[in-house]
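Notes for the structure review
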Amino acid sequence: FNIAYLKTEKKFELWDSGVRLVEDVPAKTKLTAGQALQVCVAKTGKPSVDVQAIAKLLSTLSWPRYFLDFETDNPVLPPYDGLHPYQQMPFQASLRFQKEPGAPVLHFEFVDDGRQDPRQLLVEFLADNIRNAGNIVAYHKSFEGGRLTELGSWLDSNGASGGRMVDLAKRLWDLADPFRQGLYVHPDFRGSWSIKSVLPVLVPDLSY
């Protein structure tokens, strides 16, 4: 049941045939390329790492580099004007910055106290600390990108320019891509590329 994107009917078909573990899936089973690779690493117990493809992907990263993560809240009752029910509202940001290879990694952080709409202060924090060049690395960038785009739209609706936030969204680089694309597959990922699955395997001294 951990085989990624395998249809439920197929999972029960394997179960009914006596298969209990991913490594026991018969070789003749019809699978996608990604599913077959997951089964293969489960059988061998060794990760599959496409070094050349990962190196090519990393070569697209430019300097300086930023590493961004938002924390959000999405209450059913919007606490501030201009929000709709369940809209993800960023109230905290962690930003790391490295100017060049070997340079120290600097950390900047923002967290709001909730007494006012945090978006204006967050926009100012991002504008003050992210320069006009370099990639912004995020894990599953569509989330951070969505929040940046929403901040841009919010600024536009309030008579200010949201172009800066949209430009930041365009500079995002997705750290999840090597795992999502099957360039690094580990049996202990259990078919998932979520950071909750990847991080403890690759960096065991850290926890999500």
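These notes cover the structure that comes with them. (Residues numbered from 1 in each chain as written. Predicted model: local features only at pLDDT ≥ 70, side-chain atom pairs only at ≥ 80, totals over all residues. Heavy atoms only, no water.)

Here we look at the overall build of the protein chain
This is how it is decided: Elements are defined by DSSP. Helices are runs of H or I of four residues or more, strands are runs of E of two residues or more, and each kind is numbered from the N terminus. Only protein chains enter the area calculation, which uses a 1.4 Å probe; residues under 20% of their type maximum are buried, those over 50% are exposed, and those in between are partly exposed. Methods summary: accessible areas were calculated by the Shrake-Rupley approach with a probe of 1.4 Å, and residue burial reflects only the protein chains presented. Just so you know, the count uses Lys and Arg for positive and Asp and Glu for negative, and it drops His and the chain ends. One atom stands in for each charge, and that atom is NZ of Lys, CZ of Arg, CG of Asp or CD of Glu.
When helices and strands are tallied, the protein chain shows eight helices and seven strands. Counting the 208 residues in the protein chain, one finds 37% classified as buried. Total accessible area on the protein chain is roughly 12500 Å²; 54% of this is exposed by carbon and sulfur atoms. Across the protein chain, the centroid of the 23 positively charged side chains sits 9 Å from that of the 25 negatively charged ones.

Thoughts on the pattern of salt bridges
Stated formally: Only one rule defines a salt bridge in this text: a Lys or Arg side-chain nitrogen within 4 Å of an Asp or Glu carboxyl oxygen.
Under the counting rule described, the total for this entry stands at six salt bridges. For R147, the salt bridge goes to E150, with nearest N and O atoms at 3.0 Å. In this pair, R147 and E150 are both assigned in helix α5 (residues 141-157), three residues apart and thus about one turn of the helix distant. Using a relative accessible area of 10% as the deciding quantity, one classes R147 as buried. By sharing partners, the salt bridges in this structure join D174, D177 and R180 into a single network.

Some thoughts on the packing of aromatic side chains
The criterion, for reference: Side-chain rings of Phe, Tyr and Trp, where Trp is taken by its six-membered ring, are said to pair if the distance between their centres is within 6.5 Å; with planes under 30 degrees apart they count as stacked, over 60 as edge-to-face, and otherwise as tilted.
Counted under the stated rule, the structure contains eight aromatic pairs. For the ring pair F1 and W15, a centre distance of 5.9 Å and an interplane angle of 55° mean the geometry is tilted. In this pair, F1 sits in the segment before α1 (8-16) while W15 sits in helix α1, placing the two residues 14 residues apart along the sequence. The partly exposed category is assigned to W15, whose relative accessible area is 36%. Each ring, one from Y66 and one from F97, has its centre 4.9 Å from the other, and the planes form 40°; the classification is tilted. Here Y66, found in strand β2 (residues 65-73), pairs with F97, found in strand β3 (residues 89-98); they are 31 residues apart in sequence, far enough to count as distant. Given a relative accessible area of 0%, Y66 falls into the buried group.

Looking at the pairing of strand β5 (residues 135-138)
Defined as follows: A pair of strands is treated as paired once DSSP finds two or more bridges between them.
Covered by surrounding structure in β5 are N135 and V137 together with I136 and A138, the residues of both alternating faces. One ladder, built from three bridges, connects β5 with strand β6 (residues 172-174); its direction is parallel. Paired with V137 across the strands is W173, a residue of β6.

As for the packing of α5 against helix α6 (residues 163-170)
Selection criterion: Axis definition: a line fitted to C-alpha atoms, over the contacting stretch in the case of helices. Angles run 0 to 180 degrees between N-to-C directions. Orientation is classified from the angle alone, with under 35 degrees giving roughly parallel, over 145 giving roughly antiparallel, 65 to 115 giving roughly perpendicular, and any other angle giving oblique. Crossing handedness is read from the near helix: turned anticlockwise from the far helix by less than a right angle, it gives a left-handed crossing, and turned clockwise, a right-handed one. In what follows, a contact means two residues having at least one pair of non-hydrogen atoms within 4.5 Å. Three classes are used, and their members are as follows: Ala, Val, Leu, Ile, Met, Phe, Trp, Tyr, Cys and Pro are nonpolar, Asp, Glu, Lys and Arg are charged, and the others, Gly among them, are polar.
At a closest axis distance of 7 Å, the pairing of α5 and α6 adopts a crossing angle of 165°. Judged by the inter-axis angle, α5 sits roughly antiparallel to α6. Helix-helix and strand crossings are classified by hand; for α5 and α6 the assignment is left-handed. Here G145, L148, T149, L151, G152 and L155 of α5 lie close against α6, whose contacting residues are M165, L168 and A169. For the contact of α5 with α6, the class distribution of residues is six nonpolar, three polar and no charged.

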